[in-house]
Amino acid sequence: MPERPFSILALLIILSFAVSAVAQTKSPDSEGHKWWQHAVFYEIYPRSFADSNNDGIGDLKGITSKMSYLHDLGVDAIWISPCFPSPQVDFGYDVSDYENIDPMYGTLADFDSMVAEGKKDGVRIILDFVVNHTSDKHPWFIDSKSSKGAEHRDWFIWRDGKGPGQPPNN
C-alpha cells in the first residue's frame, strides 16, 4: 500500500486532540458543561443515510448534502458508523484499512469535503473508529497470525487450543 502523506488515522488523532483542546479551552456553559455534554448527536450509518449518485448505497457526498439540514434540525455533531474499506462481513465494522474510505462511500476527497461542510455549518464529525474489531483481511491481522514472532503478534490476543485442532475455549 502506498504511503499517504496525511492518512485518516492521522486525521483522527489530530481531530481527537483538536476536539479535546477545544473542549478544554472553550468556556463551559453556565452550568459547567463541556460542549459534548449538552450536544445533540445524530448517528449516521452511511450506507442507508443519503445516496448522492442513485446507486442504492448512501455515501459521504450524500451526508455532505444534508449537513445544513442536520444543522437546522439542531444537530451539533454527527457520529458516523465505519466508512473505511471492509469486506462487509460485519456491516463495515470489520475494517481492512483504517487509512482510506470504502469506495462504495466515496473518496478521501469526499471525506474532506464533508468535514469542510460540517465546519461551515457548525456540525462536528465523529468517526466510529473500531480498532478492536479489525478484519481478518487487514495487514495487521494477517501479520499477527503469521508467526509467534510477528511484529503485530501482540496487537491481537492469541491462545493455544485445548488440543490439536481445538479452540482455546468452548
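Each remark here, short or long, concerns the structure printed above.
Draft legend 1. Broad picture of the side chain of Asp110. You can see Asp110 is positioned in helix H6 (residues 108–121). Overall, Asp110 belongs to the buried group, its relative accessible area being 14%. Here Thr107 takes part through its backbone nitrogen, which lies 3.0 Å from a polar atom of the side chain of Asp110. Other than its neighbours up to four places away in sequence, Asp110 contacts Leu60, Lys61 and Thr64.

Draft legend 2. Summary view of the pattern of salt bridges. Under the definition given, this model contains four salt bridges. Here Asp110 and Lys61 are joined by a salt bridge, their closest N and O atoms 4.0 Å apart. Placement of the pair is Asp110 in helix H6 and Lys61 in helix H4 (residues 60–65), with a sequence separation of 49 residues. Between Lys148 and Asp160 there is a salt bridge, with its nearest N and O atoms 3.5 Å apart. A residue pair is termed long-range when its members are at least 10 positions apart, and Lys148 in the segment after helix H7 (139–146) and Asp160 in the segment after H7 qualify at 12 residues.

The rules behind these values
Residues numbered from 1 in each chain as written. Predicted model: local features only at pLDDT ≥ 70, side-chain atom pairs only at ≥ 80, totals over all residues. Heavy atoms only, no water. Helix = DSSP H or I, 4+ residues; strand = E, 2+ residues; numbered from the N terminus. Buried < 20%, exposed > 50% of the residue type's maximum accessible area, 1.4 Å probe, protein only. Polar contact = N/O pair within 3.5 Å; in protein donor to acceptor, adjacent residues only side chain to side chain. Contact = heavy atoms within 4.5 Å. Salt bridge = Lys/Arg side-chain N within 4 Å of Asp/Glu carboxyl O.

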